[in-house]
Amino acid sequence: MGHRIHRRGMLKGSAWLAGAAAVLSGANAARAEASGEPVPIGQAAPLTDFAAADGVEFRNGLIMACDEINALGGILGRPLEPHFEDTKQMGDATNVQAVQRLIDRYGVHAVINGYNTGSGSAVQDAIADAGIIYMHNDTSSGHGVLIGSDPERYFGSFQTDPSETWYGSGLLKFLSSLTDGGTFAPANRKLAIILSAGTYSSNIANVVREGAAELGWEVSLYETVNVPISEWGPTLSKLRQDPPGVIVVTHYFPADLAQFMVQFMTNPTPSLIYMQYGPSVKSFRDIAGPAAAGVVFSTVIGALQDEIGLDFEARYKARFGDDAGHNSGVQSYNAAWIWAAAAALAGGSGAPGEEEQNRKVAERIRAMIHRGPNGTTRFMPGEQAAASYPGGTDDPSLGMPHQFLQIQDHTAEPVLIAPWPYAKAGFITPPWIRG
Amino acid sequence: MDVLLQILASGLTLGAVYAISTVGLALVFGAMNMLNMSHGALMALGGYMAWFMVTGFGLPPVAGMLAAVLVCAAVGVLIYLLIAKPMLQSEGFETRIFIATIGFGAMLESVILMAFGPQPKPQPLAVQGGFSLAGVHLPIQNLLILVLSMLLMAALALLLQKSRIGRAIRATAQNRDAARLMGVRIGVVYALVLGISGGLAAISGITVSSLSSLLPNMGGDPMLKAFIICVVAGLGRVPGSVIAALFIGLFEAVVQYTIGVRFSFALLLLLVIVVLIWKPQGVFGRQQGVRL
């Protein structure tokens with residue numbers, strides 16, 4: 001890792017003293033520096049293939065968290081030692097093989113992932129068999145269903161972000177807040193939904209489609225595209241033939257979405273454009289250029305633009321470069337801190353087979369309300385997935401904010417426009433609608 | 001009318017991109033019975049080299065493109081020297097080289113990933129802007145790709161039909177042993193064919209990334225489409241591949257507009273099945289005889 005972080009420097013950050021760093025520091029008591037036998041932890045991430053841009057950030061996030069945790073004494077004096085395996089295209093079989101290698105080869109006490117979109121239940125089964133802890137950001141409603149089916153067996157599996165369905169319901173609420181408050185007057189009440197094949201994108205699109213009518217929207221187009229897609233001509237023709245008030249794109253590849261904007265802007269319709277996740281990646285703005293300005297997007301997990309979030313962003317970019325994707329890195333970073341604090345409070349973590357100790361760690365995680373750079377992480381009982389704010393709770397201190405952002409200047413970072421109290425600016429009507 | 005024109009524009013753009021991707025693959029199979037499965041990785045290399053030459057060295061766009069073509073042509077020659085040549089005389093060459101080039105492609109992709117990183121990058125060799133025709137906005141970049149594709153196909157046809165090198169390539173494709181007995185240096189021809197294919201892959205990579213972005217795995221999808229087009233046209237049929245590429249581009253655009261985008265790939269595969277039942281050698285294929 002080669003990057004030295006000192007305990008004194010860590011403790012100087014007042015924002016962090018309010019969170020897990022203070023908990024860990026207190027549990028570690030007099031241990032100034034981790035020097036005991038290392039605790040192996042693992043990550044299975046898409047380090048190559050189409051999601052590598054995020055996979056590398058997941059790795060960076062975990063490395064950074066490990067260094068900071070080790071600077072505070074690790075877990076009761078034992079430093080963390082991260083190991084990584086590649087999940088390539090993130091198929092369920094590849095994912096579980098990668099996790100099994102982490103368990104068999106390194107004896108990891110915990111697997112701390114970003115997302116692997118193709119995951120089903122195989123990884124959770126491998127984790128349950130080994131009796132260790134699993135923290136992931138698959139953003140999947142399937143996780144909660146699986147945990148609910150057998151909470152005893154899946155005691156150690158946690159999804160450290162809300163499920164994808166919150167994207168859909170959150171979007172409809174956001175649109176209502178814009179139109180009801182008079183901030184935005186759509187050209188009509190038609191919604192066009194563009195999704196990619198796959199459970200994740202479809203689940204979001206289906207929630208929007210099913211909830212649209214209740215809030216006075218009519219779905220005028222529901223179009224599934226194959227990915228990757230660079231030629232949007234036929235889809236744009238359909239949109240231009242019947243221009244909707246809002247275009248909702250639940251596909252999430254940044255490069256594909258950027259091309260959509262480039263081709264849309266050659267002959268735009270007066271439609272608000274909402275996209276999911278992709279525009280949070282800097283390369284979306286790099287590729288789309290000026291065509292990116294005006295796009296609204298959201299993410300259920302990303303660094304907030306507040307004291308803790310901006311501090312994290314600055315440290316992350318100072319370490320990994322200006323183009324580093326801190327919004328992806330925060331996923332594993334946040335999860336690692338939750339696990340480390342819980343393990344320290346539980347009296348240490350357990351290796352594969354030491355299930356009783358890991359059950360104590362899981363108990364601590366379930367009881368914890370953690371404030372990280374991405375807001376609050378609190379696990380919903382029975383699902384072991386993070387609660388979403390404002391969709392799942394109306395108290396911002398009890399849920400992870402579903403952040404809505406807008407690219408108002410393609411040369412600058414997107415601006416957080418919702419939800420309260422985190423928003424930093426108001427929504428502005430996109431330039432192609434203003435005319 | 002404007003919808004028809006939009007479909008035509010989208011279809012021809014897709015077809016032109018597919019055509020450039022396909023001819024390199026078809027040329028190598030036609031000459032050597034070799035399916036070069038690293039063609040997609042070569043496309044990515046070409047796209048990245050052009051980006052690197054323009055943004056890193058500040059070369060003008062045309063010089064950047066030429067440099068990328070030369071690098072990929074050199075890699076093509078290396079594929080012959082290091083991979084194809086040692087196994088050319090071995091039994092089951094077609095199967096061995098198929099697997100070996102899959103491995104080489106994976107390695108090349110990993111090298112690109114390590115060298116340039118995983119973040120998507122915009123291709124600087126793209127022309128912004130467009131114009132309206134009968135109510136349809138046509139991007140200049142798409143038209144450039146179409147024109148470039150036609151010029152390249154014409155140049156390749158001239159090379160194969162009218163030049164001494166082209167005759168040597170065609171002679172080798174028809175009967176390797178007879179060509180050798182007539183004094184054709186088979187090794188040079190094969191190296192040349194892989195070099196030309198590498199150069200075409202570079203141009204293909206630049207055009208594909210100008211419509212999407214640079215990613216280490218960006219060649220995978222165009223390579224799959226190119227392979228499908230080769231099968232439809234008849235493996236190794238260079239002129240037939242160009243016609244098939246344009247047809248399939250239009251076919252996809254029509255299906256995407258009329259039935260739905262998600263059905264286009266499935267129907268394309270259905271079309272391949274029908275073609276292979278109807279003409280197992282491909283639409284332009286023959287059991288034996290002249291391929292190039």
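Residues numbered from 1 in each chain as written. Chains lettered and ligands numbered in written order. Predicted model: local features only at pLDDT ≥ 70, side-chain atom pairs only at ≥ 80, totals over all residues. Heavy atoms only, no water.

Operational definition: UniProt positions are given in the numbering used here, feature names are shortened, and annotations may be inferred rather than shown by experiment.
An unreviewed UniProt entry lists chain B under the name Amino acid/amide ABC transporter membrane protein 1, HAAT family, with Paracoccus denitrificans as the source organism. Checking UniProt for chain B, the heading Subcellular location (unreviewed entry) contains the comment "Cell membrane". Under the UniProt heading Sequence similarities (unreviewed entry), the entry covering chain B gives this text: "Belongs to the binding-protein-dependent transport system permease family. LivHM subfamily."

Within an unreviewed UniProt entry, the label attached to chain A reads Amino acid ABC transporter substrate-binding protein, and the organism entered is Paracoccus pantotrophus. Word for word, the UniProt comment on chain A under Sequence similarities (unreviewed entry) is "Belongs to the leucine-binding protein family."

## A few points about the side chain of Gln 259 of chain A
How we decide: The secondary structure listing takes helices from DSSP runs of H or I that are at least 4 residues long and strands from runs of E that are at least 2 residues long, numbered from the N terminus. What makes two residues a contact is simply this: any of their non-hydrogen atoms within 4.5 Å.
If you trace the backbone, Gln 259 of chain A turns up in helix α11 (residues 254–264). Those residues within four positions of Gln 259 of chain A in sequence are excluded, and the remaining contacts are Ser 230, Trp 232 and Ile 287 of chain A together with Ser 210, Leu 211 and Ser 212 of chain B.

## Section: the sheet that holds strand β2 (residues 80–86) of chain A
All names here are of chain A. We count it as follows: Whether two strands pair depends on DSSP finding at least two bridges between them. Whenever a helix is involved, its axis is fitted only over the stretch in contact; in every case the axis is a line through C-alpha atoms, and angles between N-to-C directions fall within 0 to 180 degrees.
Across the sheet, which stays open at both edges, the 5 strands sit in the order β2-β1-β3-β4-β5 with parallel pairing between neighbours. Each of the sheet's edge strands pairs with one partner strand only, and the pair in question is β2 and β5 (157–159). Put simply, the sheet's adjacent strands are angled 20° from each other on average, direction ignored. Strand direction decides the pairing type here: strand β3 (residues 110–112) and strand β4 (residues 133–136), joined by 3 bridges, are parallel.

## Digging into the UniProt feature "transmembrane region" (unreviewed entry) in chain B
Residues and elements named next belong to chain B. Listed under "transmembrane region" (unreviewed entry) in the UniProt record, and renumbered for this structure, are residues 6–29, 41–59, 65–83, 95–116, 136–160, 181–206, 226–247 and 259–278. Here residues 65–83 is 100% helix and 0% strand, with 26 Å between the C-alpha atoms at its ends. As a span, residues 136–160 carries 84% helix and 16% strand, and end to end its C-alpha atoms are 38 Å apart.

## Let's talk about the domain arrangement of chain A
Note: interface size is frequently given as the accessible area lost on complex formation between the parts. Residue and element names in this part refer to chain A. To be explicit about the condition: In this entry, domain limits derive from an automatic or database-based domain assignment. Accessible surface is computed with a 1.4 Å probe, and the buried area is the amount of it that two parts give up when combined, taken over both parts together.
Partitioning chain A into domains gives domain 1 (7–164 + 304–389) and domain 2 (165–299 + 402–434). If you average the C-alpha positions of domain 1 and of domain 2, the two centres end up 30 Å apart. Each side of the interface is counted separately: domain 1 has 21 residues, and domain 2 has 25 residues. Both faces combined, the contact of domain 1 with domain 2 buries some 1,900 Å², and carbon together with sulfur accounts for 52% of it. Contact with domain 2 buries surface across domain 1, with Glu 164, Gln 305 and Tyr 389 losing the most and accounting together for 38% of the total.

## Re the pattern of salt bridges
All names here are of chain A. Operational definition: A carboxyl oxygen of Asp or Glu within 4 Å of a side-chain nitrogen of Lys or Arg is what we treat as a salt bridge. Any residue under 20% of the maximum accessible area for its type is buried, any over 50% is exposed, and the rest in between are partly exposed; the area is computed with a 1.4 Å probe on protein chains only.
Tallying each qualifying case throughout the model produces 21 salt bridges over all chains. Asp 242 is paired through a salt bridge with Lys 190; the nearest N and O atoms lie 2.8 Å apart. With Asp 242 in the loop between α10 (233–241) and β8 (246–249) and Lys 190 in strand β6 (residues 190–196), the pair connects residues that are 52 residues apart, well separated along the chain. Classification of Lys 190 as partly exposed rests on a relative accessible area of 22%.

## A word on the packing of aromatic side chains
Residues and elements named next belong to chain A. What counts here: A pair of Phe, Tyr and Trp rings is counted when the ring centres sit within 6.5 Å of each other, with Trp represented by its six-membered ring. The angle between the planes then sorts it: under 30 degrees is stacked, over 60 is edge-to-face, the rest tilted. Counted as over-ring charges are cases with an Arg CZ or a Lys NZ within 6 Å of the ring centre that also lie within 35 degrees of the ring normal.
Per the stated rule, a full pass over the model turns up 23 aromatic pairs over all chains. A ring pair is formed by Tyr 389 and Tyr 422, whose centres lie 6.5 Å apart and whose planes are at 75°; its orientation type is edge-to-face. Of this pair, Tyr 389 sits in strand β13 (residues 388–389) while Tyr 422 sits in the loop between β16 (415–418) and α16 (431–434), and the two are 33 residues apart along the sequence. Note on Tyr 422: relative accessible area 11%, which makes it buried. In this structure, Arg 189 is placed above the aromatic ring of Trp 217, and the distance from its NZ or CZ to the ring centre is 4.0 Å. Positioned over the ring face of Tyr 222 is Arg 209, at 3.8 Å from the centre of the ring.

## Describing the nonpolar core
Our working definition: Residues belong to a common nonpolar core when they are buried Ala, Val, Leu, Ile, Met, Phe, Trp, Tyr or Cys residues joined through side-chain atoms within 4.5 Å.
Met 32, Met 34, Leu 42, Leu 45 and Tyr 80 of chain B are the most contacted members of the largest nonpolar core, which totals 69 residues. Element by element, the count of residues in this core is highest for helix α8 (residues 186–211) of chain B, at 13 residues. If sequence neighbours within four positions are ignored, Met 34 of chain B has contacts with Val 28, Phe 29, Ile 79, Ala 84, Phe 93, Ile 97, Thr 101 and Leu 194 of chain B. Membership of the second largest hydrophobic core comes to 44 residues, among which are Leu 80, Ile 338, Ala 362 and Ala 386 of chain A.

## Here's the deal with the packing of helix α8 (residues 165–180) of chain A against helix α9 (residues 199–212) of chain A
Residue and element names in this part refer to chain A. Worth spelling out the cut-off: The handedness criterion is simple: a crossing whose near helix is rotated anticlockwise from the far helix by less than a right angle is left-handed, and one whose near helix is rotated clockwise is right-handed. Residues were grouped as follows: Ala, Val, Leu, Ile, Met, Phe, Trp, Tyr, Cys and Pro as nonpolar; Asp, Glu, Lys and Arg as charged; and all remaining residues, including Gly, as polar.
Here α8 crosses α9 at 35°, and the two axes come no closer than 7 Å. Helix-helix and strand crossings are classified by hand; for α8 and α9 the assignment is right-handed. For the pair α8 and α9, the contacting residues are Thr 165, Tyr 167, Gly 168, Ser 169, Leu 171 and Leu 172 in the first and Tyr 200, Ile 204, Val 207, Val 208, Gly 211 and Ala 212 in the second. Classifying every residue of the contact of α8 with α9 gives 8 nonpolar, 4 polar and no charged.

## Remarks on helix α1 (residues 2–32) of chain B
Residues and elements named next belong to chain B. Filter applied, for reference: A helix is expected to span 1.5 Å for every residue after the first.
When the terminal C-alpha atoms of α1 are compared, their 45 Å separation across 31 residues agrees well with the 45 Å that a helix rising 1.5 Å per residue should span. The buried count for α1 comes to 26 of 31 residues, which makes it a mostly enclosed element. Immediately beyond the C-terminal end of α1, within one or two residues, lies Asn 33, with a positive phi of roughly 55°.

## Some points on the environment of Ile 127 of chain A
Residues and elements named next belong to chain A. Mapped onto the elements of the fold, Ile 127 is located in helix α6 (residues 122–130). Through-space distance from the C-alpha of Ile 127 to that of Asp 67 is 25 Å; in sequence the pair is 60 residues apart. Every residue in contact with Ile 127, bar those within four places of it in the chain, is listed here: Val 99, Val 111, Ile 132, Ile 133, Tyr 134 and Ser 157.

## So, the interface of chain A and chain B
For clarity, the cut-off: Definition of a polar contact: a pair of N or O atoms within 3.5 Å, with one able to donate and the other able to accept a hydrogen when the atoms are protein atoms, and with sequence-neighbouring residues admitted only if both atoms are side-chain atoms.
Contacts between the two partners involve 33 residues from chain A and, on the opposite side, 27 residues from chain B. Considering only the side of chain A, the residues that lose the most area to chain B are Asn 226, Glu 231 and Pro 234 of chain A, jointly responsible for 21% of the buried surface there. At the junction of chain A and chain B, the tally comes to 0 salt bridges. Counting the contacts that link chain A with chain B gives 11 residue pairs in polar contact (both at pLDDT 80 or more).

## So, the pairing of strand β10 (residues 296–299) of chain A
Residue and element names in this part refer to chain A. Stated formally: Handedness of a crossover is defined as follows: orient the strands so they point away from the viewer, and if the path from the first strand over the helix to the second runs clockwise, the crossover is right-handed.
Going residue by residue along β10, you find Val 296 and Ser 298 tucked away on one face and Phe 297 and Thr 299 tucked away on the opposite face as well. Pairing geometry for strand β9 (residues 272–276) and β10, over 3 bridges, is parallel. Residue Met 275 lies in a different strand from β10, and its bridge partner there is Phe 297. In this fold, β9 hands off to helix α12 (residues 282–288), which returns the chain to β10; that crossover is right-handed. Pairing of β10 with strand β15 (residues 403–406), which is carried by 4 bridges, proceeds in the antiparallel orientation. Bridge assignment links Thr 299 to a residue of β15, and that residue is Gln 403.

## Overview of unusual backbone geometry
Cis peptide bonds are those with omega within 30 degrees of zero, and the linkage from Tyr 389 of chain A to Pro 390 of chain A qualifies with 5°. Mapped onto the fold, Pro 390 of chain A is located in the loop between β13 and β14 (400–401). Of note, the bond from Trp 420 of chain A into Pro 421 of chain A is cis; its omega dihedral lies within 30 degrees of zero at 5°. Positionally, Pro 421 of chain A belongs in the loop between β16 and α16. Residues other than glycine seldom take positive phi values, yet Asn 33 of chain B does so here, at roughly 55°. Relative to the assigned elements, Asn 33 of chain B resides in the loop between α1 and α2 (39–56).

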